[in-house]
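Given next are the chains, with one letter for each unit.
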Amino acid sequence: MPVAVHVLGLAVFALGTSEFMLSGLLPPVAEDMGVSIPQAGLLISAFAVGMVVGAPLLAVATLRLPRRTTLIALISLFGLGQAAGALAPSYALLFASRIVSALACAGFWAVGAAVAIAMVRQDQRARAMAVMIGGLSVANVLGVPAGAFLGEHFGWRSAFWAVGAASAVALAGILALVPRIPLPAERPGLRRELAIYRDRQVWLSVGVTALAAGGVFCAFSYLSPLLTDVAGLDSAWVPWVLGLFGLGALAGTAVGGRFADAHLFGIMLWGITASTALLVALALLASSAAAAVALSFLIGFSTFLTAPALNARMFNVAGAAPTLAGATTTAAFNLGNTGGPWLGGTVIDAGLGFTATAWAGAAMTVTAIALGLTALRLDRRSRRARTTRIVASSAGAAAGAPHPDRSTADCARPAAATGT
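Conventions we followed
- Residues numbered from 1 in each chain as written.
- Predicted model: local features only at pLDDT ≥ 70, side-chain atom pairs only at ≥ 80, totals over all residues.
- Heavy atoms only, no water.
- Helix = DSSP H or I, 4+ residues; strand = E, 2+ residues; numbered from the N terminus.
- Buried < 20%, exposed > 50% of the residue type's maximum accessible area, 1.4 Å probe, protein only.
- Contact = heavy atoms within 4.5 Å.
- Areas by Shrake-Rupley, 256 points an atom, 1.4 Å probe, with all protein chains shown as cover.
- Patch = residues over 30% accessible without salt bridge, like charges linked within 9 Å, V, L, I, M, F, W, Y side chains within 5 Å.
- Salt bridge = Lys/Arg side-chain N within 4 Å of Asp/Glu carboxyl O.
- Phe/Tyr/Trp six-rings, centres within 6.5 Å; stacked < 30°, edge-to-face > 60°.
- Polar contact = N/O pair within 3.5 Å; in protein donor to acceptor, adjacent residues only side chain to side chain.
- Arc of directions from axis to C-beta.
- Axes fitted to C-alpha atoms, helices over the stretch in contact; angles between N-to-C directions.
- Left-handed = near helix turned anticlockwise from the far one by under 90°.
- Nonpolar A, V, L, I, M, F, W, Y, C, P; charged D, E, K, R; others polar.

**Q** What is the right way to look at the overall build of the protein chain in this model?
**A** Across its full length, the protein chain holds 17 helices and 0 strands. In the protein chain, which comprises 420 residues, the proportion classed as buried is 54%. Counting contacts in the protein chain only where the partners sit at least 6 residues apart, residues at least 24 apart contribute 85% of the total. Of the roughly 17,400 Å² of accessible surface on the protein chain, a fraction of 68% belongs to carbon and sulfur atoms.

**Q** Help me understand the environment of Leu-371 in this model?
**A** Assignment of secondary structure puts Leu-371 in helix H16 (residues 356-400). Take Leu-371: its relative accessible area is 27%, and that puts it in the partly exposed class. Taking the C-alpha atoms as reference, Leu-371 lies 9.9 Å from Trp-203; in sequence the two are 168 residues apart. In contact with Leu-371, not counting residues within four places along its chain, are Leu-204, Gly-207, Val-208 and Leu-211.

**Q** How should the side chain of Ser-224 be read in this particular structure?
**A** Looking at the element boundaries, Ser-224 is found in helix H10 (residues 223-230). In this structure, Ser-224 is in contact with Ser-23, Gly-24, Pro-27 and Val-238, ignoring residues within four places of it in sequence.

**Q** Whenever I open this one, a nonpolar patch on the surface confuses me. Can you help?
**A** A contiguous nonpolar patch, built from Val-49, Val-53 and Leu-57 and spanning about 250 Å² of accessible area, is present on the exposed surface. Mapped onto the elements of the fold, Val-49 is located in helix H3 (residues 37-61).

**Q** How do you make sense of the packing of aromatic side chains when you look at a structure like this?
**A** Within a pair of aromatic rings, the relevant descriptors are the distance that separates the centres and the angle that separates the planes. Within this structure, the stated rule accounts for 6 aromatic pairs. Judged by centre distance (5.5 Å) and plane angle (80°), the rings of Trp-156 and Phe-160 are edge-to-face. Of this pair, Trp-156 and Phe-160 are both found in helix H7 (residues 156-177), 4 residues apart, which corresponds to roughly one turn of the helix. Here Trp-156 and Phe-160 have matching classes, each one buried. By way of ring pairs, the aromatic residues Phe-217, Phe-220, Phe-245 and Phe-304 are connected into one cluster.

**Q** What should I look at first to understand the side chain of Thr-328 in this one?
**A** Mapped onto the elements, Thr-328 comes out in helix H15 (residues 322-349). Looking at Thr-328, its side chain comes within polar contact range of the side chain of Tyr-197, at 2.7 Å. Among residues more than four places away in sequence, those in contact with Thr-328 are Ile-196, Tyr-197, Val-206 and Met-314.

**Q** Please explain helix H2 (residues 26-33) as it appears in this structure.
**A** Within an α-helix, residues lying three or four positions from one another point in the same direction, as the helix has 3.6 residues per turn. Within H2 the residues assigned to the buried category are Leu-26, Val-29, Ala-30 and Met-33. The buried side chains of H2 occupy one side of the element, clustering within an arc of 100° when seen end-on. In this structure, the buried residues of H2 make contact with H3, helix H5 (91-118) and H7. Positive backbone phi, approximately 70°, marks Gly-34, located one or two places after H2.

**Q** Honestly, the packing of H3 against H5 in this entry has me stumped. Any pointers?
**A** Between two packed helices, the angle of one axis relative to the other and the distance separating the axes together describe the packing. One way to put it is that H3 packs onto H5 with a least axis distance of 7 Å and a crossing angle of 35°. For the pair H3 and H5, the crossing hand works out as right-handed. Among the residues making up the contact of H3 with H5, the classes are represented as 18 nonpolar, 5 polar and 1 charged.

Right under this line is the structure:
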C-alpha cells in the first residue's frame, strides 16, 4: 500500500472517533444539556445526517478541485467543528457543530476514498479501503474508549478537544506525506458521474450498506446505557467494553480486507448474517454481563468484516464515477447511522427498553440480507448474459472465417453470391 493510504487511515481515526464517541458520552451530555438520553442520541443522528447530505454535495462541489488541497481544507474545517462542539453552551449549538463537522467528514471520506482507490490496482481496492476503514476500527479500539474515559473523569467536552488535537495531527500528516494527485486528463463531467444512479445495482448496494450499518448502530448507539442499566455493569467498565467492540472491528476489518477482493459476496452476506444472529443473541442475553461483553466484541468483528466488501462493491458497480462512488458509499453508511439511532430512540421512547434496540437492529440486517441476495442474483444473471454474448460472438466469427483448406477464390464466391 502507498504510504499516503495509511496517512488517510490516520485521518479517518480522528473522524471516526468523533462520529462514534458519543456512544460512550450520552449520559453526561444528556445531564449537562438538560435533555433525555434519546435526545442526546440524536446528536449521533445529526452527525450521520450531515454525512448523508454532505458526501454527495461536497463530492460534486469539489469534483474539479485539486484533491490534496480539498483534503487539507476539509480536515481543517473538521477540527474547527470539534472546537465549536467543545465550547457549545447549548444543545442547539452542539447539534449545529455536529452537522458542520459531519459535512467536513463526509467530504473527506468521499475524496479520500477516491484518492486511495486511484493509487492501487483494481484487485487491491478492498485492501486499500480496509486500510482506511482500519483507521475507523482503531478509533473504536482507542478513540471511542478514550473519549468515554475523558468524559468520565474530565467532562465530555474534553473528548471534543482531544479529537480536535487528533485532527491537527492528521492535517500535519496530509501536508507532509500525501502527494499531489493530478486531475484526470479529461475533466470530470457531472452528467457522466450522475449516470451511475441509473444502475439498479448501485441502489441495491446503497440499500445493503445502509441497512447493515443501521442495524448494528441501532443497538451500538445505546450500548452504554444497555451495559449499565440492563447488564448491571458499573459505568467505569463502559470504555473497556467499547474498546472490546473496537478490537473486534479491527480484527474484522483485517480479515475482510484480506478476503473480500476474492470472495466479495460471500464476505458481505455471511458477515451480515452473523451480525443478525449476534444482535438477536444480545437481545436475549443482555441481562448477563459476561454475555453482553462477549457479544460486543463479536458484533464489532462481524460488522467490520463486511465493510471492505461493501466499499469495494460500490466502486465495482460505479467505477465510471469514482468520486461519487466514494461519496455514495459514505452516504449509504451514514444513512444507516442516521436511521439506526433514530429507530433505537423510537423503541426506547415507546417503553420497550434498551434491549429492544437489538431486536430492531436485527430486523434491519435481515432486510439487508434480502437485498444482498437480490444483488447477487442479478450479478450472476448479468455474468451469464455476458458469457452468452461472448460465446455467440465467437461462434459467429468462427462460422464466417475462411476454412484453412479452402482457396481464396473459393472463399470469395459465397460472399459475392450473397452480395456481401
